[in-house]
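# Fold and geometry: a report
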Amino acid sequence: MKILVLNCGSSSVKYKLIESENGNVLAEGGVEKIGLPDSFLKFKRPDGSKETITVSMPDHKEAVKNVLKILTDPKEGVIKSFDEIHAVGHRVVHGMEKFNKSVLITPEVIGKVKECYPVAPLHNPANITGIEAITDLIPGVPQVAVFDTAFHQTMPAKAFMYALPYEDYEKYGVRRYGFHGTSHRYVSRRACEFLGVPYEQQRIITCHIGNGGSITAIKDGISVDTSMGLTPTEGLMMGTRVGDVDPGALTYLMKCEGLDADGLGNVINKKSGVLGISGISSDMRDIEDAIAAGNERAKLAMDMYEYRILKYIGAYTAVLGGADIIVFTAGVGENSPELREAVCEKLAYMGITLDKEANRSRGKEVVISGADSKVKVVVIPTDEELVIAQDTAMIVGGK
Ligand code: ADP
């Protein structure tokens, strides 16, 4: 089955056309700067070469129209007509308590995704525009929603509740939901396949360390705790997000700077984290370069970044009563041997040893712990689009 996977952000659309039976990626690309005059479509050809076309795309419908156009283009396309697209799978960011698994999109599902707008005001409306664009452009094609939050719906109340007044949970759904669920689900399961151990009998800590980052504790195949919360701002220190912070510090800052909710939201989401501390960049490659050049604040940013990861691994080891497997994934987790080494060497107390040679590899499935290590440490490149394609194919009734 050819499945079109769409990931619609507030000003971007990423796509992949995937053959669900074997995971082959037939086409991939994206649209950026939707709504701006210099919006563009970029795509990768089967030979690996890349192309960028500047087209004015005022909204998501126009962006999706251009994606479909390039997929069926006589020269650049990989399909002859839309009929070849069996189904469309959408990444949907927030499902609150309404969705604990991927679902076929119906008018009722769309209504429920819209009910989640207040807690995901930037993400969910963009996801819905993508769904509506497909409904208009390929009427009748089945569509499936795959939620970032769904995998974490198994967390027990003691892990997902905030100690705020209980009524705030009842009235507004204020609780922890967690994100990157599709990635945590994929890499934890894949790690077990790779290691040849049964998924349902492991204590796994998955570290999704990218521009955004979260760590999840998985017991016997079920998410029991995760570092992100009501929104993706809680937990680890991230590229530009603050992660854990004293809520009292935030109300104090609001008073000092005369900030309203949007102003504070801007500080904690866009101006904090690695960028806020280093004053240089949110990208860990720039931070590594700056450290090599002797920049003190870049060093502090890296130290804080690693320290938070270490603390969450410690916390989740306690939650799980020990750990069998630790997984590193996403941009930094897959590509930074330095970060993995810095974290793992401080986990010697868990009986972890590192195979420094194996740890040199980037972006490949590999066991990086030593043969004598009490905990297996592995790198598993994440593949959220593959999971979306597979869930979609399964739900629409194929394989
Ligand atoms: P997103 O959360 O946007 O999906 P990714 O998982 O793609 O993020 O991760 C992007 C981040 O990965 C970049 O900001 C960069 O810091 C980091 N990264 C990518 N390659 C490397 C590398 N070779 N070394 C260190 N960090 C890297």
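What comes next concerns the included structure.

Cut-offs used in this document
- Residues numbered from 1 in each chain as written.
- Predicted model: local features only at pLDDT ≥ 70, side-chain atom pairs only at ≥ 80, totals over all residues.
- Heavy atoms only, no water.
- Axes fitted to C-alpha atoms, helices over the stretch in contact; angles between N-to-C directions.
- Helix = DSSP H or I, 4+ residues; strand = E, 2+ residues; numbered from the N terminus.
- Parallel < 35°, antiparallel > 145°, perpendicular 65-115°, else oblique.
- Contact = heavy atoms within 4.5 Å.
- Nonpolar A, V, L, I, M, F, W, Y, C, P; charged D, E, K, R; others polar.
- Left-handed = near helix turned anticlockwise from the far one by under 90°.
- Patch = residues over 30% accessible without salt bridge, like charges linked within 9 Å, V, L, I, M, F, W, Y side chains within 5 Å.
- Areas by Shrake-Rupley, 256 points an atom, 1.4 Å probe, with all protein chains shown as cover.
- Salt bridge = Lys/Arg side-chain N within 4 Å of Asp/Glu carboxyl O.
- Buried < 20%, exposed > 50% of the residue type's maximum accessible area, 1.4 Å probe, protein only.
- Pairing = 2+ DSSP bridges.
- Near = heavy atom within 4 Å.
- Polar contact = N/O pair within 3.5 Å; in protein donor to acceptor, adjacent residues only side chain to side chain.
- Disulfide = S-S within 2.5 Å.

Let us now look at the packing of helix α6 (residues 181-195) against helix α15 (residues 384-395). Closest axis-to-axis distance for the α6/α15 pair is 9 Å, and the angle between their directions is 90°. Here α15 runs roughly perpendicular to α6, going by the angle between their axes. Here α6 contributes T182, S183, R185 and Y186 to the contact with α15, which in turn contributes E384, L386, V387, I388 and D391. A breakdown of the residues in the contact of α6 with α15 according to their chemical character gives four nonpolar, two polar and three charged.

Bringing the packing of helix α10 (residues 284-292) against helix α11 (residues 296-320) into the picture now. Two elements in contact, α10 and α11, have axes whose closest approach is 8 Å; the angle formed by their N-to-C orientations is 125°. When the axis of α10 is compared with that of α11, the two are oblique. The hand of the α10/α11 crossing is left-handed. Between α10 and α11, the residues in contact are M284, I287, E288, A290 and I291 and A298, K299, M302 and Y305, respectively. For the contact of α10 with α11, the residue count by class is seven nonpolar, no polar and two charged.

The next point concerns the environment of K299. Following the sequence through the fold, K299 ends up in helix α11. Linking K299 and T317, residues 18 residues apart in sequence, is a C-alpha distance of 27 Å.

A surface patch of nonpolar side chains, amounting to about 270 Å² of accessible area, comprises L104, M394 and I395. Classification of I395 by relative accessible area gives partly exposed; the value is 30%.

As a further point, take unusual backbone geometry. Despite not being glycine, H180 shows a phi value in the positive range, around 55°. Within the fold, H180 resides in the loop between α5 (166-172) and α6. The class of H180 is buried, set by a relative accessible area of 11%. Here the phi dihedral of D220 falls at roughly 50°; this positive angle occurs in a residue that is not glycine. The topology assignment puts D220 in the loop between β10 (213-219) and β11 (222-226).

Taking strand neighbours across the sheet as the criterion, the six strands line up as β11-β10-β9-β12-β14-β13 in an open arrangement whose pairing is mixed. For this open sheet the edge positions go to β11 and β13 (366-367), each flanked by a neighbour on one side alone. The sheet contact formed by strand β9 (residues 203-209) and strand β12 (residues 325-329) spans five bridges and is parallel. Looking across to β12, one finds that I204 is bridged to I325.

What follows is about the pairing of strand β8 (residues 143-147). Consecutive residues of a regular strand have side chains that alternate between opposite faces of the sheet. Here β8 lies mainly inside the structure; five of its five residues are buried. Pairing of strand β6 (residues 87-92) with β8, which is carried by five bridges, proceeds in the parallel orientation. In the strand pairing of β8, H90 is matched with A145. Note: strand β7 (residues 103-104) against β8, two bridges, orientation antiparallel. Residue pairing for β8: L104 is matched across the bridge by V144.

Taken together, 13 residues form the shell around the ligand, and within it N211, G212, D283, M284 and G331 come nearest. M284 has a polar backbone atom sitting 2.7 Å from an oxygen atom of the ligand. Within the backbone of V332, an N or O atom sits 3.5 Å from an oxygen atom of the ligand. In isolation the ligand exposes 580 Å². Once the protein is present, 69% of that is buried. When residues of the shell around the ligand are traced back to their parent elements, those giving at least two are α10 and α12 (330-335). Counting residues per element, the shell around the ligand draws most heavily on α12, which supplies four residues. Taken together, the residues of the shell around the ligand sort by class into three nonpolar, six polar and four charged.

So, about the state of the cysteines. Applying the stated criterion across every chain yields a total of zero disulfides. Here C207 is not disulfide-linked; the sulfur of C344 is the nearest cysteine sulfur, at 8.5 Å. What makes C207 buried here is its relative accessible area of 0%.

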